[in-house]
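# Fold and geometry: a report
The residues making up each chain are set out below.
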Amino acid sequence: MNRPVIGITTGCGPDPNDPGNERTYVNRLYADCLVEAGAAPVLLTRATPVESIVPLLDGLLIPGGDDIDASQFGEENHPMVKLEDPGRYVFEKALLDALPQEAPVLGICYGCQMINVYRGGSLVQHIPDVAGASQHTGGVEEKYMVEPTSRLEAMLGSQCVVGKSYHHQANAQVGEGLKVTARSEDGMIEGIEDAGGRWLFGVQWHPERTPDSEATKNLFKAFVDAATRYRQGRRA
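Described below are features of the structure shown in this document. (Residues numbered from 1 in each chain as written. Predicted model: local features only at pLDDT ≥ 70, side-chain atom pairs only at ≥ 80, totals over all residues. Heavy atoms only, no water.)

## Let's talk about the environment of A195
Rule in force here: Going along the chain from the N terminus, every DSSP run of H or I of four or more residues is numbered as a helix, and every run of E of two or more is numbered as a strand. By definition in these notes, contact holds between two residues if any of their heavy atoms fall within 4.5 Å.
Here A195 shows up in the loop between β12 (189-194) and β13 (200-203). Expressed as a C-alpha distance, the spacing of A195 and V180, which sit 15 residues apart in the sequence, is 9.1 Å. Residues in contact with A195, not counting those within four places in the same chain, are G177, L178 and K179.

Below is the structure:
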(Lines give C-alpha, C1' and ligand atoms only; values in the text may rest on other atoms or scores of the structure.)
Protein backbone atom coordinates (compact mmCIF):
# COMPACT_ATOMS: atom_id res chain seq x y z
CA MET A 1 0.00 0.00 0.00
CA ASN A 2 1.42 3.34 -1.07
CA ARG A 3 0.44 5.44 1.92
CA PRO A 4 0.38 9.24 1.89
CA VAL A 5 3.06 10.85 4.03
CA ILE A 6 1.65 13.19 6.70
CA GLY A 7 3.95 15.33 8.81
CA ILE A 8 3.22 15.88 12.50
CA THR A 9 4.85 18.87 14.16
CA THR A 10 6.32 18.31 17.61
CA GLY A 11 6.92 20.09 20.88
CA CYS A 12 10.34 20.83 22.34
CA GLY A 13 11.31 21.31 25.96
CA PRO A 14 13.52 20.21 28.86
CA ASP A 15 14.08 16.49 29.23
CA PRO A 16 12.94 15.54 32.76
CA ASN A 17 15.22 12.49 32.66
CA ASP A 18 18.29 14.37 31.46
CA PRO A 19 18.64 17.82 33.06
CA GLY A 20 20.31 20.38 30.83
CA ASN A 21 19.15 18.73 27.62
CA GLU A 22 15.98 19.10 25.55
CA ARG A 23 13.67 16.55 23.98
CA THR A 24 11.31 16.55 21.02
CA TYR A 25 7.95 14.96 21.75
CA VAL A 26 4.38 14.32 20.63
CA ASN A 27 1.54 12.14 21.90
CA ARG A 28 1.73 8.88 19.93
CA LEU A 29 -2.08 8.72 19.59
CA TYR A 30 -1.93 11.20 16.69
CA ALA A 31 0.37 8.87 14.76
CA ASP A 32 -1.70 5.82 15.72
CA CYS A 33 -4.89 7.41 14.35
CA LEU A 34 -3.15 8.35 11.10
CA VAL A 35 -1.73 4.85 10.64
CA GLU A 36 -5.15 3.34 11.34
CA ALA A 37 -6.64 5.63 8.68
CA GLY A 38 -4.05 4.57 6.10
CA ALA A 39 -1.27 7.19 6.30
CA ALA A 40 2.47 7.08 6.97
CA PRO A 41 3.14 9.72 9.67
CA VAL A 42 6.54 11.38 10.09
CA LEU A 43 7.57 13.60 13.01
CA LEU A 44 8.82 17.08 12.20
CA THR A 45 11.11 18.99 14.56
CA ARG A 46 11.71 22.73 14.53
CA ALA A 47 15.21 21.94 13.16
CA THR A 48 13.77 20.21 10.07
CA PRO A 49 14.65 22.24 6.92
CA VAL A 50 11.28 23.41 5.58
CA GLU A 51 12.40 23.60 1.97
CA SER A 52 13.58 19.98 2.12
CA ILE A 53 10.61 18.40 3.84
CA VAL A 54 7.65 20.16 2.18
CA PRO A 55 8.11 18.40 -1.20
CA LEU A 56 7.90 15.06 0.61
CA LEU A 57 4.66 15.79 2.49
CA ASP A 58 1.15 14.89 1.37
CA GLY A 59 -0.46 16.54 4.40
CA LEU A 60 0.27 18.29 7.68
CA LEU A 61 -1.10 17.65 11.19
CA ILE A 62 -0.54 20.36 13.82
CA PRO A 63 -1.28 18.67 17.17
CA GLY A 64 -1.93 19.89 20.69
CA GLY A 65 0.54 21.72 22.88
CA ASP A 66 0.89 24.58 25.33
CA ASP A 67 0.00 28.24 24.65
CA ILE A 68 0.94 30.52 21.77
CA ASP A 69 2.72 33.73 22.77
CA ALA A 70 0.02 36.42 22.75
CA SER A 71 2.40 38.80 21.01
CA GLN A 72 1.56 36.83 17.87
CA PHE A 73 -1.92 38.40 17.97
CA GLY A 74 -0.99 41.74 19.50
CA GLU A 75 -1.73 41.15 23.19
CA GLU A 76 0.12 40.69 26.49
CA ASN A 77 0.25 37.19 27.90
CA HIS A 78 -2.32 36.30 30.56
CA PRO A 79 -0.82 35.24 33.95
CA MET A 80 -2.18 31.71 33.43
CA VAL A 81 -0.45 31.27 30.07
CA LYS A 82 2.00 28.36 29.82
CA LEU A 83 4.07 29.18 26.77
CA GLU A 84 4.83 26.68 24.05
CA ASP A 85 8.37 26.72 22.70
CA PRO A 86 8.26 29.83 20.45
CA GLY A 87 10.38 28.11 17.82
CA ARG A 88 7.51 25.71 17.20
CA TYR A 89 5.14 28.47 16.06
CA VAL A 90 7.84 29.96 13.82
CA PHE A 91 8.48 26.55 12.26
CA GLU A 92 4.78 25.81 11.73
CA LYS A 93 4.22 29.24 10.20
CA ALA A 94 7.05 28.56 7.75
CA LEU A 95 5.49 25.19 6.89
CA LEU A 96 2.09 26.78 6.20
CA ASP A 97 3.74 29.48 4.11
CA ALA A 98 5.52 26.86 2.01
CA LEU A 99 2.82 24.19 1.66
CA PRO A 100 0.87 24.24 -1.61
CA GLN A 101 -2.78 25.23 -1.23
CA GLU A 102 -3.81 21.75 -2.36
CA ALA A 103 -2.06 20.03 0.58
CA PRO A 104 -4.53 19.17 3.39
CA VAL A 105 -3.92 20.57 6.88
CA LEU A 106 -5.56 19.52 10.15
CA GLY A 107 -5.05 21.37 13.43
CA ILE A 108 -6.01 19.86 16.79
CA CYS A 109 -6.36 21.94 20.00
CA TYR A 110 -3.19 24.11 19.91
CA GLY A 111 -3.15 23.37 16.18
CA CYS A 112 -6.65 24.78 15.77
CA GLN A 113 -5.55 27.94 17.57
CA MET A 114 -2.32 28.13 15.58
CA ILE A 115 -4.21 28.10 12.27
CA ASN A 116 -6.49 30.87 13.53
CA VAL A 117 -3.62 33.06 14.75
CA TYR A 118 -1.70 32.39 11.52
CA ARG A 119 -4.69 33.76 9.61
CA GLY A 120 -4.76 36.92 11.77
CA GLY A 121 -7.22 35.78 14.45
CA SER A 122 -6.99 36.06 18.23
CA LEU A 123 -7.52 33.85 21.27
CA VAL A 124 -9.48 33.79 24.51
CA GLN A 125 -6.40 33.52 26.72
CA HIS A 126 -8.07 31.98 29.78
CA ILE A 127 -11.58 30.61 29.38
CA PRO A 128 -12.57 30.81 33.09
CA ASP A 129 -12.26 34.62 32.82
CA VAL A 130 -15.05 34.72 30.23
CA ALA A 131 -18.49 35.26 31.78
CA GLY A 132 -20.61 32.13 31.59
CA ALA A 133 -17.77 29.95 30.29
CA SER A 134 -16.70 26.81 32.07
CA GLN A 135 -13.21 25.35 32.12
CA HIS A 136 -12.46 22.80 29.40
CA THR A 137 -9.37 21.13 30.85
CA GLY A 138 -8.36 17.73 32.13
CA GLY A 139 -10.02 15.56 29.52
CA VAL A 140 -13.56 16.57 30.45
CA GLU A 141 -16.11 14.95 28.11
CA GLU A 142 -18.16 17.53 26.24
CA LYS A 143 -20.70 17.86 23.46
CA TYR A 144 -19.83 19.95 20.41
CA MET A 145 -22.52 21.35 18.16
CA VAL A 146 -21.41 21.18 14.51
CA GLU A 147 -22.78 23.56 11.89
CA PRO A 148 -25.15 21.54 9.65
CA THR A 149 -24.00 23.26 6.44
CA SER A 150 -20.27 22.91 7.12
CA ARG A 151 -17.84 20.57 5.43
CA LEU A 152 -16.80 19.49 8.92
CA GLU A 153 -20.31 18.17 9.56
CA ALA A 154 -20.19 16.26 6.28
CA MET A 155 -16.90 14.64 7.31
CA LEU A 156 -17.84 13.80 10.88
CA GLY A 157 -21.25 12.51 9.88
CA SER A 158 -23.00 14.20 12.78
CA GLN A 159 -24.20 17.58 14.03
CA CYS A 160 -23.39 16.63 17.63
CA VAL A 161 -20.01 15.15 18.56
CA VAL A 162 -18.87 13.96 21.98
CA GLY A 163 -15.18 14.32 22.68
CA LYS A 164 -12.54 15.25 25.26
CA SER A 165 -11.20 18.73 25.97
CA TYR A 166 -7.78 19.68 27.34
CA HIS A 167 -7.63 23.44 26.84
CA HIS A 168 -7.94 26.66 28.84
CA GLN A 169 -7.78 28.83 25.70
CA ALA A 170 -9.96 29.01 22.60
CA ASN A 171 -10.30 30.95 19.38
CA ALA A 172 -11.84 34.41 19.75
CA GLN A 173 -11.79 36.63 16.67
CA VAL A 174 -11.73 34.31 13.67
CA GLY A 175 -8.88 34.74 11.21
CA GLU A 176 -9.14 35.82 7.59
CA GLY A 177 -10.80 33.31 5.28
CA LEU A 178 -11.96 31.06 8.13
CA LYS A 179 -15.43 30.31 9.46
CA VAL A 180 -16.71 28.75 12.67
CA THR A 181 -17.99 25.20 12.24
CA ALA A 182 -18.52 23.96 15.81
CA ARG A 183 -19.10 25.26 19.33
CA SER A 184 -19.27 23.78 22.80
CA GLU A 185 -22.44 24.08 24.85
CA ASP A 186 -21.12 27.24 26.54
CA GLY A 187 -20.45 28.90 23.18
CA MET A 188 -16.68 28.45 22.89
CA ILE A 189 -15.45 27.95 19.32
CA GLU A 190 -14.57 24.28 18.82
CA GLY A 191 -14.18 24.02 15.05
CA ILE A 192 -12.99 26.15 12.12
CA GLU A 193 -12.53 25.56 8.43
CA ASP A 194 -11.33 27.44 5.38
CA ALA A 195 -14.28 29.31 3.91
CA GLY A 196 -12.88 29.13 0.39
CA GLY A 197 -12.88 25.36 0.05
CA ARG A 198 -9.24 24.58 0.88
CA TRP A 199 -8.79 21.39 2.93
CA LEU A 200 -7.82 23.31 6.05
CA PHE A 201 -9.63 22.39 9.27
CA GLY A 202 -9.17 22.90 12.99
CA VAL A 203 -10.90 21.21 15.91
CA GLN A 204 -10.42 22.37 19.49
CA TRP A 205 -11.17 19.02 21.11
CA HIS A 206 -8.86 15.99 20.97
CA PRO A 207 -10.31 13.36 18.60
CA GLU A 208 -7.21 11.19 19.02
CA ARG A 209 -8.23 10.71 22.68
CA THR A 210 -11.39 8.90 21.55
CA PRO A 211 -9.95 6.71 18.78
CA ASP A 212 -12.93 4.33 18.73
CA SER A 213 -15.43 7.13 18.13
CA GLU A 214 -17.12 7.04 14.73
CA ALA A 215 -16.60 10.80 14.38
CA THR A 216 -12.87 10.41 15.09
CA LYS A 217 -12.51 7.65 12.54
CA ASN A 218 -14.43 9.69 9.96
CA LEU A 219 -12.29 12.77 10.56
CA PHE A 220 -8.95 11.00 10.20
CA LYS A 221 -10.19 9.01 7.20
CA ALA A 222 -11.29 12.22 5.45
CA PHE A 223 -7.88 13.75 6.20
CA VAL A 224 -5.97 10.76 4.86
CA ASP A 225 -8.24 10.53 1.80
CA ALA A 226 -7.50 14.19 1.04
CA ALA A 227 -3.76 13.53 1.42
CA THR A 228 -4.06 10.55 -0.91
CA ARG A 229 -5.79 12.65 -3.57
CA TYR A 230 -3.11 15.32 -3.25
CA ARG A 231 -0.36 12.69 -3.52
CA GLN A 232 -1.93 11.13 -6.61
CA GLY A 233 -2.53 14.51 -8.24
CA ARG A 234 1.01 15.74 -7.92
CA ARG A 235 2.45 12.43 -9.08
CA ALA A 236 0.20 12.16 -12.13
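Picking up where we left off.
## Quick look at the packing of helix α1 (residues 28-37) against helix α6 (residues 214-235)
Note the threshold: Comment: axis = line fitted to C-alpha atoms, over the contacting stretch for helices; angle = value between 0 and 180 degrees taken between N-to-C directions. An angle counts as roughly parallel when it lies under 35 degrees, as roughly antiparallel when it exceeds 145, as roughly perpendicular when it falls between 65 and 115, and as oblique in every other case. Two helices cross in a left-handed way if the nearer one is turned anticlockwise from the farther one by less than a right angle. They cross in a right-handed way if the turn is clockwise.
Following both chains from N to C, one finds α1 and α6 inclined at 65°, their axes separated by 9 Å at the closest point. As far as their axial angle goes, α6 and α1 are roughly perpendicular. As α1 runs across α6, the sense of the crossing is right-handed. In contact with Y30, C33, L34 and A37 of α1, α6 contributes F220, K221, F223 and V224.

## Observations concerning the layout of surface pockets
Rules: Using protein atoms alone on a 1 Å grid, points that fit a 1.4 Å probe yet trap it form a cavity, whereas open point sets bounded by protein on both sides within 12 Å along at least five of seven lines form a pocket; residues with an atom within 4 Å of a point count as lining. Grid points are joined across faces, edges and corners, and a volume is the space filled by probe spheres set on the points. Under the grouping applied here, Gly and all other residues not named as nonpolar or charged are polar, the nonpolar ones being Ala, Val, Leu, Ile, Met, Phe, Trp, Tyr, Cys and Pro and the charged ones Asp, Glu, Lys and Arg.
A volume near 600 Å³ is recorded for the largest pocket. Lining the largest pocket are 31 residues, and of these G64, G65, D66, E84 and Y166 lie nearest its centre. Elements supplying a minimum of two residues to the lining of the largest pocket: β2 (11-14), β3 (22-25), α4 (110-118) and β9 (160-167). At four residues, β2 tops the list of elements feeding residues into the lining of the largest pocket. If you add up the space inside the second largest pocket, you get close to 180 Å³. If you go around the second largest pocket, the residues you meet are D32, C33, E36, A37, P211, D212, T216, K217, F220 and K221. Of all the secondary structure elements, the ones that give two or more residues to the lining of the second largest pocket are α1 and α6. Taken together, the residues that form the lining of the second largest pocket break down as four nonpolar, one polar and five charged.

## As for the sheet that holds β9
Put simply, the rule is: At least two bridges found by DSSP between two strands is the condition for calling them paired.
Strands sit in the order β4-β1-β5-β6-β13-β12-β11-β8-β9 across an open sheet of nine strands; the sheet is mixed. The open sheet has two edge strands, β4 (40-44) and β9, and neither has a second partner. Within the sheet, the average angular offset between the axes of one strand and its neighbour, ignoring direction, is 25°. With four bridges joining them, strand β6 (residues 105-108) and β13 adopt parallel strand pairing. In the sheet register, L106 faces β13, and the bridge partner there is F201. Each of β1 (5-9), β4, β5 (59-62) and β6 touches helix α3 (residues 86-98); the most contacted strand, β5, lies at about 155° to it.

## Concerning the packing of aromatic side chains
Put simply, the rule is: Pairing of aromatic rings covers Phe, Tyr and the six-membered ring of Trp, with a centre-to-centre limit of 6.5 Å; geometry is then stacked below 30 degrees between planes, edge-to-face above 60, and tilted otherwise. In this scheme, Lys NZ or Arg CZ marks a charge over a ring once it lies within 6 Å of the ring centre and within 35 degrees of the ring normal.
With the rule as written, the count across this model stands at three aromatic pairs. Taken together, W199, F201 and F223 form an aromatic cluster joined through their ring pairs. One cation-aromatic arrangement involves R23 over Y25; the distance from NZ or CZ to the ring centre is 4.6 Å. The ring centre of Y166 lies 4.5 Å from the NZ or CZ of R209, which sits over that ring.

## Quick notes on α1
Cut-off, in case you're wondering: Any residue under 20% of the maximum accessible area for its type is buried, any over 50% is exposed, and the rest in between are partly exposed; the area is computed with a 1.4 Å probe on protein chains only. It is the directions from the helix axis to the C-beta atoms whose arc is reported.
When α1 is considered as a whole, its buried residues turn out to be Y30, A31, C33 and L34. The arc enclosing the buried residues of α1, seen along the axis, measures out at 160°, which places them on a common side. Facing away from the buried side of α1, by more than 90 degrees, are the exposed residues R28 and E36. Along its buried surface, α1 packs onto β1, β4, β5, β6 and α6.

## Thoughts on the side chain of D58
As a reminder of what qualifies: Under the rule applied, a polar contact is a pair of N or O atoms within 3.5 Å (in protein, one hydrogen donor and one hydrogen acceptor; residues adjacent in sequence only if both atoms are side-chain atoms).
In this fold, D58 is placed in the loop between α2 (50-53) and β5. Take D58: its relative accessible area is 0%, and that puts it in the buried class. Reaching out from D58, the side chain makes a polar contact with the side chain of R234 at a distance of 2.7 Å. Not counting chain neighbours up to four residues away, the residues in contact with D58 comprise P4, V5, P104, A227, Y230, R231 and R234.

## Some thoughts on the packing of α3 against α4
Interaxial distance between α3 and α4 falls to 11 Å at its minimum, and their mutual angle equals 65°. When the axes of α3 and α4 are compared, the crossing they make is right-handed. Contacts from R88, Y89, E92, K93, L96 and D97 of α3 reach α4 at Y110, M114, V117 and Y118. Of the residues that constitute the contact of α3 with α4, the class distribution is six nonpolar, no polar and four charged.

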